[in-house]
Structure formats: structure tokens, C-alpha cells
Amino acid sequence: MPGDGRTAVVTGAAGGLGRVLVERLAREGYDVVGVDLHGTDRLLDVTDPAACRALADELRPRVWVNNAGVLGAGDAATQPDEVVDRVVRVNLLGVVHGTRAAVASMRAAGGGHVVQIASLASWVPVPGEALYAATKAGVLSYTLGLQAELRAQGVKDIDLTAVCPDGMLTPMLIDVLDDDSLALSFSAPRLVTPAQVAERLVDVLERPRLVTSVPHWRGAQVRLMAGMPDVVLRAAPIFWEQGLRNLRKARAQAVLTRR
């Protein structure tokens with residue numbers, strides 16, 4: 001029942017990763033409420049702050065997972081205004097609205113855990129996904145800042161975590177795999193699976209961490225690269241070629257996934 005300490009909300013639950021997160025949390029014994037604009041039992045527009053507050057007040061979740069997101073790949077300097085607006089509203093403001101609603105509810109209910117599905121794109125330049133990466137960097141910064149505020153206020157029973165996956169094979173990504181500008185999304189040897197992200201989510205709920213990467217080794221690598229942006233840009237042609245090779249593999253994998 002709501003407020004019993006085992007209620008979890010997952011936004012963006014109609015999509016590939018969202019469905020996996022719902023299923024994995026249910027196996028852990030949570031009463032999971034998956035929400036989305038369509039395709040779920042409960043509907044929620046994460047860009048509507050009042051709707052987020054109403055849902056949190058009704059369910060009093062112990063766990064709130066901000067998973068809803070859109071890619072919005074393309075040339076950052078020339079993308080249509082409506083694309084820019086949608087990506088920022090869903091990926092960044094949607095997380096802010098969901099987090100604020102969940103934290104307010106958790107303060108009253110005795111604690112909880114808010115998990116953001118961020119991205120390793122928060123740390124390094126990702127041509128073709130500059131706008132997406134900017135929103136994920138905002139999510140990371142907001143998570144760090146809000147957790148620091150809560151601790152400074154003496155709130156110790158509300159945890160925040162930013163889960164930062166590498167490139168992941170989901171329907172959102174499959175739809176744009178033909179765009180070679182996404183090559184740097186695939187500079188790692190293989191794509192992350194939704195199941196890996198779900199396992200990390202369960203892990204941080206049991207052992208809270210402020211930031212975690214999937215896989216761990218890529219997180220360490222990307223953070224090192226983030227400290228040398230000029231060097232990374234000079235080495236971009238090398239990463240680009242590696243990315244193109246991995247992109248071809250991802251396209252072949254996507255063909256198998258569609259079957």
C-alpha cells in the first residue's frame with residue numbers, strides 16, 4: 001500500500017529501460033508504479049510540476065526513479081527550437097520537478113531515495129548529442145547540489161543518486177543509429193544493456209552512493225578525460241574512428257533486436 005516503505009515510482013516506464021527497471025524493482029519486492037505519457041497504468045507528464053506533486057503526495061513513495069528522457073540528437077547549433085525546448089523540458093526540468101515532488105513527500109513520510117538516470121555524456125564532449133549531454137550535465141549538477149543542501153539542513157534520511165550509464169541499446173537510440181554523428185557515443189567496446197543499469201539501481205538502493213557509472217571502468221575513464229578537454233578534442237579523430245567501428249556493430253545488433 002502507498003506509504004508502506006516499499007512503493008517505487010519509475011518515470012518513462014513505457015520505454016525500454018523503464019520497463020526493465022519496473023520489472024527489476026518488482027522482483028525486489030517493491031510495489032512499483034510505472035508512469036509515462038502513454039502505455040502505463042498511470043499517466044504522468046514529468047514536465048508538469050503540479051502533476052508530479054500530486055502523484056508523490058498520493059503514493060508517498062520510498063523510491064522515485066527519474067528515468068524519463070528523450071535523445072534529441074542532431075546539430076546543436078541548428079536544431080529546431082521545439083526540439084531544444086522538448087529535450088530541456090523532459091530531460092532536465094522533468095527531473096527537477098520529479099525530484100522536488102519526491103523530496104517533499106519523503107520529508108513528510110520519513111525518508112526515501114531519489115535516483116536519476118543521468119549519463120556519462122555529462123562529463124565529456126559528445127558531438128551529435130550536445131544538447132542531450134548538456135541536460136544530463138544539469139541533472140548531475142542538480143543532484144550533487146541538492147544532496148549537499150539536504151545534508152547541510154540536517155536531512156539524513158533522504159538519499160539522491162545519479163546513475164550514469166554509457167551508451168545503451170534502447171529503442172530511443174535504435175531510432176537514430178543511422179546518424180554517423182553519433183559515433184562518439186560508441187567509443188567503448190560494447191553498449192550497456194538495460195539489465196546492467198537495473199542491477200546497478202538495485203545496488204545503490206541497498207548501498208547508497210551519490211554518483212555511480214555503468215560500467216565502473218568507463219566512469220573512471222570518462223572522468224579522467226573530463227579533466228583534459230583540450231587533449232580530448234585533439235584526440236577526437238582517434239575516438240571517432242573507434243566510435244564508427246562500434247557504431248557499425250551496434251547497427252548489426254539493432255537489426256537482431258528488431259527481429
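Residues numbered from 1 in each chain as written. Predicted model: local features only at pLDDT ≥ 70, side-chain atom pairs only at ≥ 80, totals over all residues. Heavy atoms only, no water.

Caption draft 1: Region of interest: the overall build of the protein chain. What the protein chain contains, in helices and strands, is nine helices and seven strands. In the protein chain, which comprises 259 residues, the proportion classed as buried is 51%. Within the protein chain, counting contacts between residues at least 6 apart in sequence, those at least 24 apart form 70% of the total. Accessible area for the protein chain stands at about 12100 Å²; split by element, carbon and sulfur atoms hold 55% of it. (Helix = DSSP H or I, 4+ residues; strand = E, 2+ residues; numbered from the N terminus. Buried < 20%, exposed > 50% of the residue type's maximum accessible area, 1.4 Å probe, protein only. Contact = heavy atoms within 4.5 Å. Areas by Shrake-Rupley, 256 points an atom, 1.4 Å probe, with all protein chains shown as cover.)

Caption draft 2: How the structure looks around the pairing of strand β2 (residues 31–36). Counting buried positions along β2 yields five of six residues, so the element is predominantly enclosed. Judged from the five bridges that link them, strand β1 (residues 7–11) and β2 form a sheet pairing that is parallel. For T11, the partnering residue across the bridge sits in β2 and is V35. As a crossover connection, the stretch from β1 through helix α1 (residues 16–27) into β2 is right-handed. Alignment of β2 against strand β3 (residues 42–43), held across two bridges, turns out to be parallel. Bridging across to β3, D36 finds its partner in L43. (Pairing = 2+ DSSP bridges. Right-handed = clockwise from strand over helix to strand, strands pointing away.)

Caption draft 3: Quick peek at helix α6 (residues 194–206). The end-to-end C-alpha distance of α6, which contains 13 residues, comes to 19 Å, matching closely the 18 Å that a straight helix rising 1.5 Å per residue would cover. Regarding α6, the residues found buried are P194, V197, A198, R200, L201, V202, V204 and L205. Looking at the packing, one finds that the buried side of α6 touches α1, β4 (63–66), β5 (112–117), β6 (158–165), β7 (211–214) and α7 (216–226). (Expected span 1.5 Å × (residues − 1).)

Caption draft 4: Spotlight on the sheet that holds β1. The strand order across the open sheet formed by seven strands is β3-β2-β1-β4-β5-β6-β7, and the pairing between neighbours is parallel. Two strands bound the open sheet, and with one partner strand each, they are β3 and β7. As paired strands, β5 and β6 are joined by six bridges and run parallel to one another. Of the residues in β6, the one forming a bridge with I117 is V163. Across the sheet, α6 lies against β4, β5, β6 and β7, angled at about 155 degrees from β7, the strand it touches most. (Axes fitted to C-alpha atoms, helices over the stretch in contact; angles between N-to-C directions.)

Caption draft 5: Region of interest: the environment of V192. Turning to its location among the elements, V192 is positioned in the loop between α5 (171–174) and α6. Distance from V192 to G167, taken between C-alpha atoms, is 6.0 Å for residues 25 residues apart in sequence.

Caption draft 6: Broad picture of the nonpolar core. In terms of nonpolar packing, the biggest core is built from 25 residues, with V9, L44, L55, W64, L150 and I158 touching the most fellow members. Elements that contribute at least two residues to this core include exactly β2, α2 (49–59), α3 (81–109), α4 (130–152) and β6. Here this core gets six residues from one element, more than from any other, and that element is α3. Here V9 is in contact with V33, V35, L55, L59, P61, V63, W64 and V65, once residues within four sequence places are set aside. Counting residues in hydrophobic clusters, the runner-up holds 21 residues, among them Y30, V163, L205 and V214. (Core = buried A, V, L, I, M, F, W, Y, C linked by side-chain atoms within 4.5 Å.)

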